[in-house]
Amino acid sequence: MKKLITFISVLMIFIPWTIFPLRTNPWALQSPGAEIIVYSYAAFMIFSAVFTTLAYTKGQAKNKAMQIAMVINDIYGFTALCLLGMAVSSS
């Protein structure tokens, strides 16, 4: 179970980078599609940070890969929270 949680957490590091090829489509740059995509990715990044942190602290999946995944996903989650805060405050 710990290996599966570690694999999922490490996989979650790379999924946010899929926004770049997705945003090359013209429909992904127009509103409301653009906002939906950005909010969806931000929500996923926040979920990834919470999942990885809880899996590391409560699930006792404590290994080097989980430590790296937790740090990266927490940075992603914090960045997503800041971007969502800026989007809400500017609306």
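Just so you know, these numbers come straight off a predicted model, no measurement behind them.

Cut-offs used in this document
Residues numbered from 1 in each chain as written. Predicted model: local features only at pLDDT ≥ 70, side-chain atom pairs only at ≥ 80, totals over all residues. Heavy atoms only, no water. Helix = DSSP H or I, 4+ residues; strand = E, 2+ residues; numbered from the N terminus. Expected span 1.5 Å × (residues − 1). Buried < 20%, exposed > 50% of the residue type's maximum accessible area, 1.4 Å probe, protein only. Contact = heavy atoms within 4.5 Å. Polar contact = N/O pair within 3.5 Å; in protein donor to acceptor, adjacent residues only side chain to side chain. Phe/Tyr/Trp six-rings, centres within 6.5 Å; stacked < 30°, edge-to-face > 60°. Lys NZ or Arg CZ within 6 Å of the ring centre and 35° of its normal. Axes fitted to C-alpha atoms, helices over the stretch in contact; angles between N-to-C directions. Parallel < 35°, antiparallel > 145°, perpendicular 65-115°, else oblique. Left-handed = near helix turned anticlockwise from the far one by under 90°. Nonpolar A, V, L, I, M, F, W, Y, C, P; charged D, E, K, R; others polar.

1. Some remarks on helix α4 (residues 64-90)
The terminal C-alpha atoms of α4, which comprises 27 residues, lie 39 Å apart, in line with the 39 Å expected from a rise of 1.5 Å per residue. Among the residues making up α4, those that are buried are Met66, Ala69, Met70, Asn73, Tyr76, Gly77 and Ala80. At its buried positions, α4 is contacted by α1 (2-14) and α3 (33-57). The opening residue of α4 is asparagine 63, an N-cap whose side-chain oxygen sits 3.3 Å from the backbone nitrogen of alanine 65.

2. Details of the packing of aromatic side chains
For any pair of aromatic rings, the description rests on two quantities: the centre-to-centre distance and the angle between the ring planes. What the rule picks out here adds up to 2 aromatic pairs. Both rings, one in tryptophan 17 and one in phenylalanine 20, keep their centres 5.6 Å apart while their planes meet at 40°; by these two values the pair is tilted. Residue class for phenylalanine 20 comes out exposed when judged on its relative accessible area of 53%. The cationic tip of lysine 62 hangs over the ring face of tyrosine 56; the distance from NZ or CZ to the ring centre is 5.6 Å.

3. Things to note about the packing of α1 against α3
The relative placement of two packed helices comes down to the angle between their axes together with the axis-to-axis distance. Relative to each other, α1 and α3 sit at 150°, their axes nearing to 10 Å. Our classification of the angle between α1 and α3 gives roughly antiparallel. Considering how the two elements wind past one another, α1 and α3 form a crossing that is left-handed. Between α1 and α3, the residues in contact are Ile5, Ile8, Ser9 and Met12 and Phe44, Phe47, Ser48, Phe51, Thr52 and Ala55, respectively. Looking at the contact of α1 with α3 residue by residue, the class counts come to 7 nonpolar, 3 polar and no charged.

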